[in-house]
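A closer look at the structure
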Amino acid sequence: MTMSDKEELKQSFLDKWPLDHVKKMTLEEYTNLNREGSFCYWLESKTQDIGSIWGGSAYKFGIYKRNNTDKEDSRDAYRTDGEYGWVAKYGDTADQAFQNIRSLIVGIIEAVQQDNLDAIDDIDLGPATKWKIAFLYSNYQVINIFKSSAIYEIAKQKGLESANQKPISELHRYLISQKPEDTSYFDYTDQLWQEYNESSESKESTKDKTTMSVNHILNNKNVSLNTILFGPPGTGKTYHTVDYALSIVDPVYYERYQGNRKKLVERFKELLITDWDN
């Protein structure tokens, strides 16, 4: 898809769902089983080529029309009337929940159009959903990457200090400020996503190597007790410390419950020395 195609797709969304229409949007327009016609379908599927929010459940939209009405969700955080399912915090009925969700969406649109990204941080809608909405109604002052862990990592890679402690709005502003003047918005964000994927693949490769190394240690009966597990963050050192320690201090238990993570962690905590003075 060319840059021009992406710009046209974004504009086609705005033509279909202008703010004045969203303010009067009905529940049936927001979510329905006639996919082509709903706001949620446009948000997730029709515009996926300019920013994906695939994954997770339909609850990320706050409320959705149910396709499978055979199963009921009995969890306390959710509600259903048979036809719709919604997050309980938004209301006791489908209509009440939708009214509140629509108000939140209008608030997101108005905030981004006023370049008040800080306000979006505090709007109580799923992060991916609200920032995808913000992007679509923005003047390209929002990055079209909506996975929170990804945008935190990208900001860190681009040099933002203490990125993980910043609100997401600040990450968007920072990353936009780093865009070279001679690079188009979509070329820049595509590059950010590519660099993130390459970094993630590298970490997975390192993690696999760490796993192999630990397995080698666990299978070696003559292993030294003075062993240091090392590697970059996220490569499984803490995870494998539990296996390694139990294989030494309680090999019978480890052999019995190998593969049962809950049991292994419980036993590890039981054996862990927390009071070195006694």
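Residues numbered from 1 in each chain as written. Predicted model: local features only at pLDDT ≥ 70, side-chain atom pairs only at ≥ 80, totals over all residues. Heavy atoms only, no water.

Thoughts on helix α1 (residues 3-16)
Along an α-helix, residues three or four positions apart point the same way, because every turn accommodates 3.6 residues. The end-to-end C-alpha distance of α1, which contains 14 residues, comes to 20 Å, matching closely the 20 Å that a straight helix rising 1.5 Å per residue would cover. Within α1, burial applies to K6, L9, K10 and F13. Burial along α1 is one-sided: seen end-on, the buried residues are contained in an arc of 95°. Exposed residues lying more than 90 degrees from the buried face of α1 are E8 and D15. (Helix = DSSP H or I, 4+ residues; strand = E, 2+ residues; numbered from the N terminus. Expected span 1.5 Å × (residues − 1). Buried < 20%, exposed > 50% of the residue type's maximum accessible area, 1.4 Å probe, protein only. Arc of directions from axis to C-beta.)

Re the packing of aromatic side chains
Here the structure, examined in full by the defined rule, presents 16 aromatic pairs. A ring pair is formed by F13 and Y137, whose centres lie 5.5 Å apart and whose planes are at 75°; its orientation type is edge-to-face. Of the two residues, F13 sits in helix α1 while Y137 sits in the loop between α7 (127-136) and α8 (148-157), which places them 124 residues apart along the sequence. Its relative accessible area of 0% is what places F13 among the buried residues. With relative accessibility at 6%, the residue Y137 sits in the buried group. Each member of the aromatic cluster is reached from another via a ring pair, and the members are F13, W17, Y30, F39, W42, F98 and Y137. Here the guanidinium or amino end of K10 rests over the ring plane of F135, the centre of that ring lying 5.8 Å away. The ring of W17 has K16 lying over it, and the distance from NZ or CZ to the ring centre is 5.6 Å. (Phe/Tyr/Trp six-rings, centres within 6.5 Å; stacked < 30°, edge-to-face > 60°. Lys NZ or Arg CZ within 6 Å of the ring centre and 35° of its normal.)

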